[in-house]
Amino acid sequence: TLETYKLQRIEQLQCLQSVDRGIKKTIDLLKRQGLYDRTVILFISDNGYLWGEHRLTSKILPYEESLKVPMAVSAPFVKQHSMDDPTDKRFVKNMF
């Protein structure tokens, strides 16, 4: 049902908040130890997920949204691409 779907989404977002807090603690520790400026941090997921796209919720169906793998890289010593868009789209491309 729609209510079950909403509850699952809320629970997932609450879980991700604990991940965010853990990441902040790690970055704060790296900064306190003077290691942050020479550390590459890489976040990657195992897959994307359908959250209502195509009226589906899943990660096993071959739609673009579930095929792409979320990824983020932080390398403080690498010059930012631009102030308006801090992402460099040349860095990583979908391999499909």
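Since we're looking at a predicted model, the values are computed, not measured. (Residues numbered from 1 in each chain as written. Predicted model: local features only at pLDDT ≥ 70, side-chain atom pairs only at ≥ 80, totals over all residues. Heavy atoms only, no water.)

Caption draft 1: Structural context of the overall build of the protein. Within the protein one finds two helices and four strands. Ordering the α and β elements of the protein from the N terminus gives α-β-β-β-α-β. A total of 96 residues make up the protein; the buried ones form 9% of that total. Contacts spanning at least 24 positions in sequence make up 44% of the contacts within the protein whose residues lie at least 6 apart. Accessible area of the protein: about 8,300 Å², with a carbon and sulfur share of 59%. (Helix = DSSP H or I, 4+ residues; strand = E, 2+ residues; numbered from the N terminus. Buried < 20%, exposed > 50% of the residue type's maximum accessible area, 1.4 Å probe, protein only. Contact = heavy atoms within 4.5 Å. Areas by Shrake-Rupley, 256 points an atom, 1.4 Å probe, with all protein chains shown as cover.)

Caption draft 2: Summary view of the pattern of salt bridges. Applying the stated criterion across every chain, the model contains two salt bridges. For the salt bridge of lysine 6 with glutamate 3, the shortest nitrogen-to-oxygen distance reads 4.0 Å. In this pair, lysine 6 and glutamate 3 are both assigned in helix 1 (residues 2-32), three residues apart and thus about one turn of the helix distant. A relative accessible area of 55% means that glutamate 3 is categorised as exposed. Between lysine 24 and aspartate 28 there is a salt bridge, with its nearest N and O atoms 2.7 Å apart. Of this pair, lysine 24 and aspartate 28 both sit in helix 1, four residues apart, which is roughly one turn of the helix. Classification of lysine 24 as exposed rests on a relative accessible area of 51%. Relative accessible area serves as the criterion here: at 29%, aspartate 28 is assigned to the partly exposed category. (Salt bridge = Lys/Arg side-chain N within 4 Å of Asp/Glu carboxyl O.)

Caption draft 3: Region of interest: the packing of aromatic side chains. Scanning the model with the defined rule gives zero aromatic pairs in all. Here lysine 31 stacks its cationic end above the ring of tyrosine 36, 4.9 Å away from the centre of that ring. (Phe/Tyr/Trp six-rings, centres within 6.5 Å; stacked < 30°, edge-to-face > 60°. Lys NZ or Arg CZ within 6 Å of the ring centre and 35° of its normal.)

Caption draft 4: Focus on the confidence of the model for the protein. The pLDDT averaged across the protein works out to 78; a share of 81% of its residues lies at or above 70. Ranking the helices and strands of the protein by mean pLDDT puts helix 1 first, with 88, and strand 3 (residues 57-58) last, with 75. (pLDDT = per-residue confidence, 0-100.)

Caption draft 5: Molecular detail of a nonpolar patch on the surface. A grouping of Val40, Leu42, Ile44, Val69, Met71, Val73, Phe77 and Val78 is seen on the molecular surface, where their side chains present a nonpolar patch of about 720 Å² in accessible area. Residue assignment for the nonpolar patch shows that the elements contributing at least two residues are strand 1 (41-44) and strand 4 (71-74). By the secondary structure assignment, leucine 42 is in strand 1. (Patch = residues over 30% accessible without salt bridge, like charges linked within 9 Å, V, L, I, M, F, W, Y side chains within 5 Å.)

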